Amino acid sequence: MGEKVEGTPLDELPLSEKKQQFSLAFVRMVVAAAGCSVKCHETDYDGVDITIASSAEYARYYCPQFELQLKCTSQLGVLRDTSLMWQMKAGPFRRLTNPKRHIPAYLGVLHVPESPESWLHQNEERLLVNSKMYWENAANLGVIAEGQASKTVRLPKSNLFDVDRLLGIMKTIGEGGDW
């Protein structure tokens, strides 16, 4: 983002809202580059923020789609050697992982630097985004015990949210694979 220019509103949004907006923008860039589209939700009560859809036809389905719950953090403590560990409250966890979901659901956690000014850099040649998103299929997040207030879930670093992996998710869903 660079240096603050006098009179600019860099500090008007609370940090949590900046993170929410940045995670949505990050996903939209990857989705657009993959040739897919985003469907917006009015609320995220059902445990998801957006739906990502493809217009492609696969062996079993035309226009596969999945729902995505987004989170954004700058906490260094969530990163491990092979995964990102994320704590979810019981209610949102149960909604996201409900086995009766009609559309597959995924969790995506965007990891950004602590300072919003470091999240991206741009010049006339390129836009560099200094963040990475890891994802996991909600069906792989496990279950939460009755009475448990939260659960820590593991998102493998091998599940980097990028164009190739997004297209891989679409192919798996489109061909009727396990989700």
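Predicted, not measured: the structure shown is a model, and the values here were computed from it.

From N to C terminus, the protein includes three helices and nine strands. Starting at the N terminus, the α and β elements of the protein follow one another as α-β-β-β-β-α-β-β-β-β-β-α. Relative to the compact-globule value of 16 Å for 179 residues, the protein shows a C-alpha radius of gyration of 17 Å, a close match. For the C-alpha atoms alone, the extent of the protein along its principal axes is close to 55 × 45 × 35 Å. Taking all 179 residues of the protein together, the buried fraction comes to 41%. Carbon together with sulfur atoms contributes 49% to the accessible area of the protein, which is approximately 10500 Å² in total.

Turning our eyes to something else, we now look at helix α1 (residues 15-33). End to end, α1 covers 27 Å across 19 residues, agreeing with the expected 27 Å (1.5 Å per residue, within 8%). Among all positions in α1, only K18, K19, F22, S23, L24, F26, V27, V30 and V31 are buried. Backbone geometry just downstream of α1 places G35 in the positive-phi region, at approximately 80 degrees.

It is worth spelling out the nonpolar core at this point. Counting residues in each nonpolar core, the largest one holds 28 residues, and the members touching the most others are V27, I52, F66, F161 and L166. Of all the secondary structure elements, the ones that give two or more residues to this core are α1, β2 (50-53), β3 (65-73), β5 (105-111), β8 (132-137) and α3 (163-174). With six residues, α1 is the largest single contributor of residues to this core. Listed in part, the 17 residues of the second largest apolar core include L107, V109, V153 and L155.

Scanning all chains against the criterion turns up three salt bridges. Between R101 and E67 there is a salt bridge, with the nearest N and O atoms lying 2.5 Å from each other. In this pair, R101 is assigned in the loop between α2 (90-97) and β5 and E67 in strand β3, connecting sequence segments 34 residues apart. Classification of R101 by relative accessible area gives buried; the value is 17%. Across the pair R165 and D162 runs a salt bridge, and its minimum N-O distance is 2.6 Å. Taking relative accessible area as the criterion, D162 reaches 22% and is therefore assigned partly exposed.

Applying the stated criterion to the full structure yields zero disulfides. Unpaired in terms of disulfides, C40 finds its nearest cysteine sulfur in C36, a separation of 15 Å. Accessibility expressed as a relative area gives 58% for C40, which makes it exposed. Of the cysteine sulfurs around C63, a residue in no disulfide, the closest is that of C36, at 10 Å. By relative accessible area, C63 is classed as partly exposed at 30%.

Within the fold, S150 resides in strand β9 (residues 150-156). Of the polar contacts made by the side chain of S150, one reaches the side chain of Q87; its length is 2.5 Å.

Basis of the calculations
- Residues numbered from 1 in each chain as written.
- Predicted model: local features only at pLDDT ≥ 70, side-chain atom pairs only at ≥ 80, totals over all residues.
- Heavy atoms only, no water.
- Helix = DSSP H or I, 4+ residues; strand = E, 2+ residues; numbered from the N terminus.
- Rg over C-alpha atoms; globule rule 2.2 N^0.38 Å.
- Buried < 20%, exposed > 50% of the residue type's maximum accessible area, 1.4 Å probe, protein only.
- Areas by Shrake-Rupley, 256 points an atom, 1.4 Å probe, with all protein chains shown as cover.
- Expected span 1.5 Å × (residues − 1).
- Core = buried A, V, L, I, M, F, W, Y, C linked by side-chain atoms within 4.5 Å.
- Salt bridge = Lys/Arg side-chain N within 4 Å of Asp/Glu carboxyl O.
- Disulfide = S-S within 2.5 Å.
- Polar contact = N/O pair within 3.5 Å; in protein donor to acceptor, adjacent residues only side chain to side chain.

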